[in-house]
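# Understanding the architecture of this molecule
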Number of protein chains: 2
Amino acid sequence: MDLTAMRNANPDHWSKATAIRALTLDAVHAASSGHSGMPIGMADVATVLFEKHLKFDAAAPDWPDRDRFILSAGHGSMLLYSLLYLTGSSEFPLEEIKNFRQWGAKTAGHPENFLASGIETTTGPLGQGIANSVGFAIAEEAQRARFGKKVVDHHTYVIAGDGCLMEGISHEAIGLAGRLQLGKLIVLWDNNNITIDGKVDLSDCTNQVARFKAAGWQVIEIDGHDPVAIDEALTAARKSRKPSMIACKTHIALGHAAQDTSKGHGALTDPDQLQAAKDAYGWTTGPFVVPEDVKSSWEAIGTRGASARTEWEARLADLSERRRDEFNRAYALEAPKRLSATIRALKKQASEAANKVATRKSSEMVLEVVNPVMKETIGGSADLTGSNNTKTGDLGMFSPEDRKGRYIYYGIREHGMAAAMNGMVLHGGIRPYGGTFMCFTDYARPAMRLAALMRIPTVFVMTHDSIGLGEDGPTHQPVEHLAISRATPNTHVFRPADTVETAEAWELALTSKSTPSVLSLTRQGLPTVRTEHKQKNLTAQGAYVLADAEGKRQAILIATGSEVSLAMEARAMLQADGIGTRVVSMPCMELFAEQDEAYRRRVLPAGPLRVGIEAAVRQGWDRWLLGERGREAKAGFIGMDSFGASAPAEELYEKFGITAEAIVAKVKALLG
Amino acid sequence: MDLTAMRNANPDHWSKATAIRALTLDAVHAASSGHSGMPIGMADVATVLFEKHLKFDAAAPDWPDRDRFILSAGHGSMLLYSLLYLTGSSEFPLEEIKNFRQWGAKTAGHPENFLASGIETTTGPLGQGIANSVGFAIAEEAQRARFGKKVVDHHTYVIAGDGCLMEGISHEAIGLAGRLQLGKLIVLWDNNNITIDGKVDLSDCTNQVARFKAAGWQVIEIDGHDPVAIDEALTAARKSRKPSMIACKTHIALGHAAQDTSKGHGALTDPDQLQAAKDAYGWTTGPFVVPEDVKSSWEAIGTRGASARTEWEARLADLSERRRDEFNRAYALEAPKRLSATIRALKKQASEAANKVATRKSSEMVLEVVNPVMKETIGGSADLTGSNNTKTGDLGMFSPEDRKGRYIYYGIREHGMAAAMNGMVLHGGIRPYGGTFMCFTDYARPAMRLAALMRIPTVFVMTHDSIGLGEDGPTHQPVEHLAISRATPNTHVFRPADTVETAEAWELALTSKSTPSVLSLTRQGLPTVRTEHKQKNLTAQGAYVLADAEGKRQAILIATGSEVSLAMEARAMLQADGIGTRVVSMPCMELFAEQDEAYRRRVLPAGPLRVGIEAAVRQGWDRWLLGERGREAKAGFIGMDSFGASAPAEELYEKFGITAEAIVAKVKALLG
């Protein structure tokens with residue numbers, strides 16, 4: 001590449017783009033760690049995007065109607081941090097750039113949304129950003145349909161690399177975006193032909209242009225270093241009714257000795273090569289120094305959207321108070337006032353009716369009353385709508401023809417669904433929930449982890465949560481999946497025992513602001529165990545005494561979900577034999593762990609033996625069975641220690657020994 | 001569809017295909033459960049495939065040179081079971097068909113490879129079969145290159161549905177197959193335009209033909225009910241140098257009232273509709289009865305390959321004894337005799353050198369000596385070759401130009417890699433291993449679970465296994481992933497402490513016949529803790545006393561991997577303070593759990609307090625800390641209870657309190 005010619009052709013552009021390149025080189029050098037090549041290669045694209053297209057106001061990074069900029073290729077985080085610093089973000093002073101990748105810095109190795117405004121999502125695990133962006137674009141369409149173009153009208157821009165496009169999740173994301181015709185989604189592909197291992201063709205020969213077209217996208221191919229071409233492509237993309245992919249042919253680590261090599265992907269720290277690159281750029285200031293004129297032209301970009309933002313605020317103020325409050329409430333993740341009463345009414349009704357209901361059906365009953373009072377919900381399922389019971393009467397189907405529809409047919413795309421839901425929450429104004437079989441949390445797992453890490457309240461509706469699924473067999477029967485979700489920090493795993501607990505779990509999930517929820521629900525019918533109505537949300541305490549011992553308390557049975565009624569049966573048998581038995585229902589271990597010690601002691605006093613009952617592996621249970629510091633109780637567990645099998649559900653419970661009789665036998669054996 | 005015309009046009013074909021349809025209807029009716037529509041819709045394709053193309057001998061279902069038939073759309077399991085019964089498999093008498101989806105039957109809800117020969121892989125979780133098939137086809141190419149076309153020359157046929165093709169993993173699979181130009185891989189797409197939720201266009205408008213072409217495949221479009229067209233397409237596919245996709249336009253549940261509807265996808269059990277469908281087929285025998293002439297024509301198909309098989313046996317016998325033994329040994333998953341001595345020599349050398357080495361590097365040292373003596377290994381990485389240290393000097397790159405190459409650049413495709421490796425093991429003759437970061441076990445998780453369920457010894461090389469990864473931050477730092485793999489039944493999770501344990505772990509992984517291994521390896525350098533050479537593989541016991549207490553034994557420190565040396569440091573400090581401290585290294589919890597109680601008691605005697613140390617969540621540890629039945633010991637844990645952070649590794653260990661000083665403080669606090 002003739003850098004001098006590039007510089008001379010567009011000197012103002014060049015100096016702005018080079019500021020990104022120089023900051024990247026300096027920050028990676030200081031950290032001795034990071035990824036230099038991508039920010040250097042995509043600096044031209046990002047500069048034109050920010051200068052001429054991206055609607056934002058650096059002084060108001062949380063402005064709801066800003067365009068969203070998503071760095072799916074999160075390893076190139078210095079691109080984003082450079083842009084935030086250059087445009088004048090108050091959260092990214094130069095010190096942050098100098099502290100790249102250090103303890104306590106907002107400039108973490110990969111962008112982390114929860115560290116600062118201006119970072120829309122957490123990326124790094126490849127493909128997640130592009131899949132989030134589908135959710136951002138859905139949220140924009142849904143909110144625009146609801147609140148009008150005057151207050152919601154923005155684009156979602158994504159920078160994605162070859163890694164993002166090779167990951168399977170990208171297939172799910174682009175297929176969904178193509179089907180939903182998300183015209184305001186624009187993906188900029190950093191087509192640099194390099195991965196960590198070498199040239200892309202070591203592992204891939206996919207024609208990405210043909211691939212995106214096959215999925216219903218508009219595709220534009222450009223030289224990613226030509227600012228005029230970049231500008232024209234973005235203008236064309238903004239006019240498209242289809243989602244757009246702009247294939248930007250770039251040189252990774254442009255101008256550095258490592259240009260166009262896989263070495264250029266990583267940390268370029270050699271000081272001589274660094275200086276040589278800066279010389280080639282015509283960049284003469286010292287480390288971390290951006291010439292004043294360049295900095296101020298970037299800061300002008302940062303304030304470019306200020307008037308649009310104040311005009312938007314006036315338009316928001318023009319909405320009726322009711323609509324404005326509704327808009328702001330959903331953005332603040334506040335539940336509507338009626339939610340609590342709605343849930344209580346359903347609980348009362350369920351306690352009185354005391355029907356036998358599968359908790360997936362209980363969940364539908366909750367959604368039937370919640371969706372009408374909580375208009376920010378968007379439901380969906382990965383092609384198991386009738387099984388997950390996620391669609392309620394009033395939702396309608398979200399489609400190009402009906403952007404007010406609130407139900408998404410995600411297709412057989414568990415991972416893409418989970419990541420899109422994350423994107424909707426991150427966008428703001430939407431509470432998404434989506435269903436699949438509990439066993440297929442496996443497919444959605446990387447996005448579920450990110451929801452937890454990102455501190456967002458995405459709701460995962462996971463039905464068919466044990467061998468109770470029956471004939472479909474072990475490929476579809478979770479045994480380790482409760483343990484998996486519970487092992488993940490900042491995740492609430494709810495396994496409700498009946499309709500009442502299901503309603504309580506949903507209330508907690510829908511009022512959470514920073515923790516995702518996994519609802520573990522049965523295929524099979526369960527008797528109502530909460531037959532006495534209580535206003536209070538007992539599930540909020542994580543575990544509680546469902547039935548206490550009569551006489552001397554010799555045993556405590558701790559159970560979740562479908563096994564709570566088994567514990568109640570076993571209790572009746574034990575009491576008949578004179579063995580005083582308490583039953584503790586434990587719908588959420590994480591919330592129980594958060595209770596104060598006095599409460600935990602009241603529910604699980606030291607002394608009586610304990611038996612845990614859950615049709616799943618024991619891992620995660622010992623803390624409650626053996627006591628947090630040990631020495632508390634003799635204990636046993638009734639559950640699974642292998643994969644399941646294919647047979648009718650009731651037979652499986654018998655064969656795997658998860659029965660009231662087995663519980664009784666275990667208690668008696670422990671009593672000796 | 002005019003079924004009468006179809007029947008009259010090809011009466012012999014029709015009766016054979018209809019046998020599949022009728023058996024499917026009867027079996028699903030008897031089970032009141034299952035999926036009728038797909039076997040009915042794809043019966044024509046399967047009949048032509050088995051009659052005219054598939055090389056197999058029903059009497060020898062494990063014949064190594066058979067063509068492989070993979071039912072990726074595993075819910076249509078009755079298609080496979082019907083074919084096995086009809087062609088005369090001794091493992092699938094009519095009783096099995098009658099017991100479809102019942103306890104103990106080989107006819108499980110979804111095909112399970114470990115229940116019977118003739119089932120090549122376990123499918124049901126969508127997309128897995130097509131991704132396995134890439135591994136099958138790689139294995140065929142690799143073995144053909146090694147042993148010659150006379151003993152290895154077969155095709156891999158796959159039936160996949162829309163579900164398989166929507167899953168992200170299919171993108172990874174077809175991209176890899178396209179790049180590797182696996183011409184003997186032939187995918188038959190059941191293009192019926194129906195998913196569970198409704199018509200495909202509810203959720204997808206992808207042009208699959210264009211998509212496969214974009215990935216480098218040959219595509220042929222046919223009427224999937226026309227036996228002549230099916231035959232011609234298969235003939236053309238078999239000649240292709242590219243992998244082939246045959247788009248078979250079909251009618252789900254052909255001839256049934258539910259034809260072409262999503263209802264047709266599931267269990268069609270209405271007896272009147274069932275009879276009406278049989279009437280429309282012209283099928284007049286009672287339930288489960290296949291007319292004798294039809295059955296015998298199917299059985300003739302089952303013996304069609306018998307002579308080819310005996311000729312093949314003669315050709316195998318023609319190989320030199322050394323080559324034949326090598327072929328058979330690898331198929332039997334027997335390790336070469338030299339493996340054990342090779343590992344021992346490396347251990348001795350490592351103990352003597354006592355270097356500080358990252359265990360990912362230790363792993364490379366092992367592979368450098370193992371790969372030359374174990375020619376059935378095929379290594380690879382999901383674009384992290386230099387980080388995972390998975391490529392050794394002698395492997396070469398597997399490519400269309402070099403089928404003897406034993407290293408695969410999988411690209412950024414963790415899930416596709418894992419599933420392809422599973423396919424290679426299932427094919428036979430290959431021991432694959434593949435690497436990514438431990439955190440990205442999340443991406444590979446559905447295939448890792450299936451390896452465990454399928455009882456196959458796939459090896460997952462997972463490096464950068466804790467916050468020791470450093471600056472890349474929490475998106476790349478596993479904290480729950482050891483717990484996740486340990487929660488999964490039939491999985492060995494090895495977390496070796498140094499080069500010696502790494503060599504022992506590899507020996508166990510490479511000699512396993514029915515259990516997958518996860519090798520959890522560090523980025524950061526670790527001192528050698530096994531400085532005294534022992535011939536015996538101590539890791540095989542799961543845990544062992546690395547250093548015993550001097551004086552009265554007051555504390556036992558149990559640690560894994562990178563934390564073992566911390567435990568040793570803490571022990572020195574505690575002993576200096578007169579506190580007798582034992583250190584137990586626990587590289588594999590699962591193997592320790594398998595030891596007899598006497599051994600476990602010797603390693604972890606009741607009495608002394610216990611502290612577990614692992615830079616990960618506590619879940620899974622309590623069994624060892626608190627005692628299996630409780631009441632054994634006071635206990636504590638030093639590890640993580642949150643996600644990590646972005647900073648240099650040593651600083652993270654300090655900040656998260658995983659230090660020798662913290663261990664000492666914990667022991668002293670527990671001693672009170």
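Residues numbered from 1 in each chain as written. Chains lettered and ligands numbered in written order. Predicted model: local features only at pLDDT ≥ 70, side-chain atom pairs only at ≥ 80, totals over all residues. Heavy atoms only, no water.

As annotated in an unreviewed UniProt entry, chain A is Transketolase from Sedimentitalea todarodis. Per UniProt, chain A carries the Catalytic activity (unreviewed entry) text "D-sedoheptulose 7-phosphate + D-glyceraldehyde 3-phosphate = aldehydo-D-ribose 5-phosphate + D-xylulose 5-phosphate". (UniProt positions renumbered as here; feature names shortened; annotations may be inferred.)

## What about the pattern of salt bridges?
One pass over the full model with this rule turns up 80 salt bridges over all chains. A salt bridge links Asp26(B) to Lys278(B); its shortest N-O distance comes to 2.7 Å. A residue pair is termed long-range when its members are at least 10 positions apart, and Asp26(B) in helix H2 (residues 11-31) and Lys278(B) in helix H12 (residues 271-281) qualify at 252 residues. In this structure, Asp26(B) and Lys278(B) share a single accessibility class: buried. A single network of salt bridges, built from pairs that share partners, joins Glu140(A), Glu141(A), Arg144(A), Lys149(A), Asp153(A), Lys184(A) and Arg403(A). (Salt bridge = Lys/Arg side-chain N within 4 Å of Asp/Glu carboxyl O. Helix = DSSP H or I, 4+ residues; strand = E, 2+ residues; numbered from the N terminus. Buried < 20%, exposed > 50% of the residue type's maximum accessible area, 1.4 Å probe, protein only.)

## Regarding unusual backbone geometry
For Arg455(A), which is not glycine, the phi torsion reads 60° and is therefore positive. With respect to the element layout, Arg455(A) can be found in the loop between helix H19 (441-454) and strand S12 (459-463). The partly exposed category is assigned to Arg455(A), whose relative accessible area is 47%. Positive phi, close to 70°, is recorded for Arg101(B), a residue that is not glycine. Relative to the elements of secondary structure, Arg101(B) occurs in the loop between helix H6 (94-98) and helix H7 (128-147).

## Details of the interface of chain B and chain A
Between chain B and chain A, the contact holds 108 residues from the first and 108 residues from the second. Here chain B and chain A share an interface that buries about 8,400 Å² over both sides, 58% of which is from carbon and sulfur atoms. At the boundary of chain B with chain A, the tally comes to 10 salt bridges. With its nearest N and O atoms 2.7 Å apart, the salt bridge here joins Arg101(B) to Asp472(A). Our count for the chain B to chain A interface comes out at 50 residue pairs in polar contact (both at pLDDT 80 or more). Across the side of chain B that touches chain A, the residue classes break down as 43 nonpolar, 36 polar and 29 charged. (Contact = heavy atoms within 4.5 Å. Buried area = accessible area lost by both parts, 1.4 Å probe. Polar contact = N/O pair within 3.5 Å; in protein donor to acceptor, adjacent residues only side chain to side chain. Nonpolar A, V, L, I, M, F, W, Y, C, P; charged D, E, K, R; others polar.)

## Quick notes on the relation of the copies chain B and chain A
Expressed as a screw transformation, the operator carrying chain B onto chain A has a rotation angle of 180° and an axial translation of 0.0 Å, and the superposed copies differ by an RMSD of 0.0 Å. The superposition operator between the copies reduces to a two-fold rotation axis. (Least-squares fit on C-alpha atoms with pLDDT ≥ 70 in both.)

## Points about the sheet that holds strand S13 (residues 492-494) of chain A
All names here are of chain A. Read from one edge to the other, the open sheet built from 6 strands follows the order S10-S9-S11-S12-S14-S13, with strand pairing classed as parallel. Taken across any chain shown, the strands that pair with only one partner, and hence form the sheet edges, are strand S10 (407-409) and S13. When the angles between neighbouring strand axes are averaged without regard to direction, this sheet yields 20°. Pairing geometry for S12 and strand S14 (residues 517-520), over 4 bridges, is parallel. Looking across to S14, one finds that Met-462 is bridged to Ser-520. Strands strand S11 (431-437), S12, S13 and S14 of the sheet are contacted by helix H21 (residues 499-511), whose axis makes an angle of about 130° with S11. (Pairing = 2+ DSSP bridges. Axes fitted to C-alpha atoms, helices over the stretch in contact; angles between N-to-C directions.)

## Section: the UniProt feature "domain: Transketolase-like pyrimidine-binding" (unreviewed entry) in chain A
Under the feature "domain: Transketolase-like pyrimidine-binding" (unreviewed entry), the UniProt entry names residues 357-528 of chain A. Across residues 357-528 of chain A, the secondary structure splits into 37% helix and 18% strand, with the terminal C-alpha atoms separated by 8 Å.

## Some details on the pairing of S14(A)
Residues and elements named next belong to chain A. Burial along S14 is two-sided: Ser-517 and Leu-519 and Val-518 and Ser-520, pointing in opposite directions, are all buried. Of the pairings in the sheet, the one linking S13 to S14 comprises 3 bridges and is parallel in character. Paired with Val-493 across the two strands is Val-518, which belongs to S14.

## Some points on the sheet that holds strand S2 (residues 156-160) of chain B
Residues and elements named next belong to chain B. Read across the sheet, 5 strands follow the order S1-S2-S3-S7-S6 without closing on themselves; strand pairing throughout is parallel. Strands at the two margins of the open sheet, each flanked by one partner only, are strand S1 (68-71) and strand S6 (218-223). On average, each strand axis in the sheet is inclined to that of its neighbour by 20°, with strand direction left out of account. Taken strand by strand, helix H11 (residues 227-239) contacts S2, strand S3 (185-191), S6 and strand S7 (244-249), and its axis lies near 170° from that of S6.

## Structural notes on the state of the cysteines
Residue and element names in this part refer to chain B. Going through the model one piece at a time under the given rule, you end up with 0 disulfides over all chains. In this structure Cys-205 is not part of a disulfide, and its nearest cysteine sulfur, from Cys-164, lies 19 Å away. When its relative accessible area of 40% is taken as the criterion, Cys-205 is described as partly exposed. Free of any disulfide, Cys-248 has its nearest neighbouring cysteine sulfur in Cys-164, separated by 13 Å. (Disulfide = S-S within 2.5 Å.)

## Examining the packing of aromatic side chains
The full count for this structure, using the stated rule, is 36 aromatic pairs over all chains. Between Tyr433(B) and Trp506(B) the ring centres are 5.4 Å apart and the planes differ by 80°, which places this aromatic pair in the edge-to-face class. With Tyr433(B) in strand S11 (residues 431-437) and Trp506(B) in helix H22 (residues 499-511), the pair connects residues that are 73 residues apart, well separated along the chain. For Tyr433(B), a relative accessible area of 1% puts it in the buried group. Residue placement shows Arg21(A) over the ring face of Trp14(A); its charged tip is 5.2 Å from the ring centre. The ring of Tyr281(A) carries Arg21(A) above its face, with NZ or CZ at 6.0 Å from the centroid. (Phe/Tyr/Trp six-rings, centres within 6.5 Å; stacked < 30°, edge-to-face > 60°. Lys NZ or Arg CZ within 6 Å of the ring centre and 35° of its normal.)

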